[in-house]
Amino acid sequence: LGDVYKRQNLYMASEKFNSYKKKKCKSDEINEFYYHDAVIDSVEVNGSNMIWKTSGVCIKTSNSQNNETYDTIADNLEMRFINFQIIDIIKCGYEQYDNNNILIASYANKKLEGNEFYLVVDSMFDSKSYLRLYGGDYEANNYCFDIEINNELYGIILNYDMFIAEWNYTCLLYTSDAADD
């Protein structure tokens, strides 16, 4: 009976391990992730393809590759944009207030062009830059990500033919609702 029990536990452990094999989803699921507060650890370009190696991307329960009944966090998610092009870069505007909550200055969104555009692109590919991915809007293979680069917030609009996300395993995303259960 002891050997049967050990084999059953081993089988259950191997089933659990197999559920953590590398997952992959295609471009029609780019909205099946939450990108808020995810970090882009590195950016690579290989021909016409761009690869973001990220951490902290949340996989929604509606993602076809999420086998859990709750949102999970992907460990080392790789985002591949096939045949990508950076369409626009917008420096996000903001308002500045003093200690008494009185408006000091207001800065509007600014579409970057020429040298400014290329300086931001170079910063994205510079391994010393700290990139933080906040989220985005999707429209017909154009995706606008809000990305913080060196303490400045930019909207970067990408066009691509295909989006592929791949990750090794996930962990539970704890929320106040999950903690109550």
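About the thresholds
Residues numbered from 1 in each chain as written. Predicted model: local features only at pLDDT ≥ 70, side-chain atom pairs only at ≥ 80, totals over all residues. Heavy atoms only, no water. Helix = DSSP H or I, 4+ residues; strand = E, 2+ residues; numbered from the N terminus. Expected span 1.5 Å × (residues − 1). Buried < 20%, exposed > 50% of the residue type's maximum accessible area, 1.4 Å probe, protein only. Arc of directions from axis to C-beta. Salt bridge = Lys/Arg side-chain N within 4 Å of Asp/Glu carboxyl O. Pairing = 2+ DSSP bridges. Contact = heavy atoms within 4.5 Å.

1. Quick look at helix H2 (residues 114-125)
A rise of 1.5 Å per residue sets the reference length of H2, with its twelve residues, at 16 Å; its end C-alpha atoms lie 17 Å apart and thus fit the reference within 8%. All buried positions along H2 are accounted for by Phe117, Val120, Val121, Ser123 and Met124. Summarising the axial view, the buried residues of H2 lie within an arc of 155°, below the 170-degree limit, and thus occupy one face. Within H2, the exposed residues directed more than 90 degrees away from the buried face are Asn115 and Tyr118.

2. Focus: the pattern of salt bridges
With the rule as written, the count across this model stands at six salt bridges. In this structure, Arg80 engages Glu78 in a salt bridge whose closest nitrogen and oxygen atoms are separated by 3.0 Å. For Lys110, the salt bridge is made with Glu116, and the minimal N-O distance between the two is 2.9 Å. Counted as one network, the salt bridges with shared partners bring together Glu78, Arg80 and Glu166.

3. Quick notes on unusual backbone geometry
Of note in this structure, Asn83 is not a glycine but carries a positive phi near 55°. Mapped onto the fold, Asn83 is located in the loop between strand E7 (77-82) and strand E8 (85-91). In this structure, Asn151 takes a positive phi of about 65° despite not being glycine.

4. Comments concerning the pairing of E8
Where E8 and strand E14 (residues 152-159) come together, six bridges link them in antiparallel fashion. Bridge pairing in E14 links Ile90 to Gly155. Note that E8 and strand E11 (residues 110-111) share two bridges and pair antiparallel. Across the sheet, Lys91 pairs through a bridge with Lys110, a residue of E11.

5. Some thoughts on the environment of Trp52
Looking at the secondary structure, you find Trp52 in strand E4 (residues 49-55). For the pair Trp52 and Ser42, spaced ten residues apart in sequence, the C-alpha separation works out to 5.8 Å. If we ignore the near neighbours within four places in the chain, the residues touching Trp52 are Ile40, Ser42, Val43, Leu77, Glu78, Met79, Phe81, Met124, Leu133, Phe145, Ile147 and Leu158.

6. A few points about the pairing of E14
In the case of a regular strand, side chains alternate between the two sheet surfaces. Of the pairings in the sheet, the one linking strand E13 (residues 142-149) to E14 comprises eight bridges and is antiparallel in character. Paired with Asn142 across the strands is Asn159, a residue of E14.

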